[in-house]
Amino acid sequence: MMRKVIVAAFAVQLAAGIALASWYDDYDAGLDAARKGQWQVVVQKMTAAIKGNAKEDNHARTYGAIFINYHPYYYRGVASLNLGKYEQAIADFEKTSGPGEVDQGPIETLMERAKTKLASATTPEPQPVAPQPQPVRPVPVPQQPAVPAIDAALKQRAQAAINEAKQHLAAAQQRKATQSPQYVQALQAVADANTRNVMARSNDDLNAVIALAENAATFADAATAPGLPSPPVTRPGTATQVVIADTTKRVRQALESYFNGEFDDAAMQFGKLSEEMPRNGWIWAFLGASQYSQYAFEADATYRNAAMKSFRKAKQLRAWKDGLPKKYFSKRIRKVFENAS
């Protein structure tokens, strides 16, 4: 009798585990269907996944120590849009927090497309009207073609930077580091760079794409596999000794925020330190680097202007032989620093 009870309990636990894992299987099958353009299957699988787990998460746990970028509403909305179910698509886009592994475009763009399609589908067809006599129009004067707003060479550089970032992502995948937070940051940065590159309308947009791609490569290089020690990155410790002789906890925290890609926190921390140590050129250099990285992610000119001001202050306080050190600052940051005057 006891053996039967134990076997029954084990069967219940096994069935519960399978039930909990089924939402991930449906989501994975839905992603595969999205890659193939099988939109009806996408709707079916994502609906099943939502029934098992209705909460989106950039770091959703499936089982054990395996996490995924989980956004079922995004893909069901994309599928509904392609199937002509615009109201369902709009409802799902309002619920989603972003794209997952297979990027089908920005939420705002997809939402606008769905709303436009819905409005067009619900607008009654115009009734034919009697033709009206057309007035004689003057012959238009040929105009000079507009000067392109985008530099072709810069466009190539932006695409090259994205391709290089993808190579760094591939290297992280080979290291089995796809579950690390740095890999997730790198993946999101590459997706943002791709989107901005497609929608770029000016050279400033392309410069932002390049900065995003370079940041993605940095994140990918820092990604490590679960259970393995982090790569021997000693920049926070050594940089702290350079910035100020009597190492303080707050300086180290600011440097760690910077090297971990937490640029909002780094900018705030270095901003406070610059008030306490206004004559320290290193503090101003790291403050400028943090502010410019904010500009790269958010494309807000306010951050760029603040970064240039900080870089000019750093140059006034210190003679930088050969510019900023390569081991602390990216190529993009060092170039911006050189041009700050």
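Computed from a predicted structure; not experimentally measured. (Residues numbered from 1 in each chain as written. Predicted model: local features only at pLDDT ≥ 70, side-chain atom pairs only at ≥ 80, totals over all residues. Heavy atoms only, no water.)

A. Just the pairing of strand β2 (residues 66-70), in detail. Looking at chain direction, strand β1 (residues 57-63) and β2 are connected through 4 bridges and run antiparallel. Among the inter-strand pairings, Asp57 is bridged to a residue of β2, identified as Tyr70. Connecting β1 to the antiparallel partner β2 that follows it, the hairpin turn spans 2 residues, and Gly64 within it adopts a positive phi of roughly 60 degrees. (Pairing = 2+ DSSP bridges. Helix = DSSP H or I, 4+ residues; strand = E, 2+ residues; numbered from the N terminus.)

B. The packing of aromatic side chains, seen in detail. Counted according to the given criterion, the structure contains 22 aromatic pairs. Considering the side-chain rings of Tyr258 and Phe263, the 5.9 Å spacing of their centres and the 70 degrees angle between planes classify their relative orientation as edge-to-face. Over the ring of Phe337 we find Lys315; its NZ or CZ atom is 5.1 Å from the centre of that ring. (Phe/Tyr/Trp six-rings, centres within 6.5 Å; stacked < 30°, edge-to-face > 60°. Lys NZ or Arg CZ within 6 Å of the ring centre and 35° of its normal.)

C. Structural context of the packing of helix α2 (residues 39-52) against helix α3 (residues 72-82). Remark: α2 packs on α3, axes separated minimally by 9 Å, with the N-to-C direction vectors making an angle of 150 degrees. One element, α2, and the other, α3, form an angle in the roughly antiparallel class. The hand of the α2/α3 crossing is left-handed. Residues Trp39, Val42, Val43, Met46, Thr47 and Ile50 of α2 form the contact with α3, whose own contacting residues are Pro72, Tyr73, Tyr75, Arg76, Val78, Ala79, Ser80 and Asn82. A per-class count over the contact of α2 with α3 returns 10 nonpolar, 3 polar and 1 charged. (Axes fitted to C-alpha atoms, helices over the stretch in contact; angles between N-to-C directions. Parallel < 35°, antiparallel > 145°, perpendicular 65-115°, else oblique. Left-handed = near helix turned anticlockwise from the far one by under 90°. Contact = heavy atoms within 4.5 Å. Nonpolar A, V, L, I, M, F, W, Y, C, P; charged D, E, K, R; others polar.)

D. Structural detail: the nonpolar core. If you look at the biggest cluster of nonpolar residues, it comprises 54 residues, and the most contacted ones within it are Tyr258, Phe270, Phe286 and Phe329. Residue assignment for this core shows that the elements contributing at least two residues are α6 (152-174), α7 (181-199), α8 (203-222), α10 (249-259), α11 (263-276), α12 (281-298), α13 (301-317) and α14 (331-339). Leu31, Ala33, Tyr74 and Tyr86 belong to the second largest nonpolar core, which has 28 residues in total. (Core = buried A, V, L, I, M, F, W, Y, C linked by side-chain atoms within 4.5 Å. Buried < 20%, exposed > 50% of the residue type's maximum accessible area, 1.4 Å probe, protein only.)

E. α13, seen in detail. For α13, which comprises 17 residues, the first-to-last C-alpha distance of 25 Å matches the rise-based estimate of 24 Å (1.5 Å per residue) to within 8%. Residues of α13 that are buried: Ala307, Met308, Ser310, Phe311 and Ala314. The buried residues of α13 occupy an angular sector of 165 degrees when projected down its axis, which confines them to one face. Projecting away from the buried face of α13 at angles above 90 degrees are the exposed residues Thr302, Lys309 and Gln316. Those residues of α13 that are buried are in contact with α12 and α14. The opening residue of α13 is Asp300, an N-cap whose side-chain oxygen sits 3.0 Å from the backbone nitrogen of Thr302. (Expected span 1.5 Å × (residues − 1). Arc of directions from axis to C-beta. Polar contact = N/O pair within 3.5 Å; in protein donor to acceptor, adjacent residues only side chain to side chain.)

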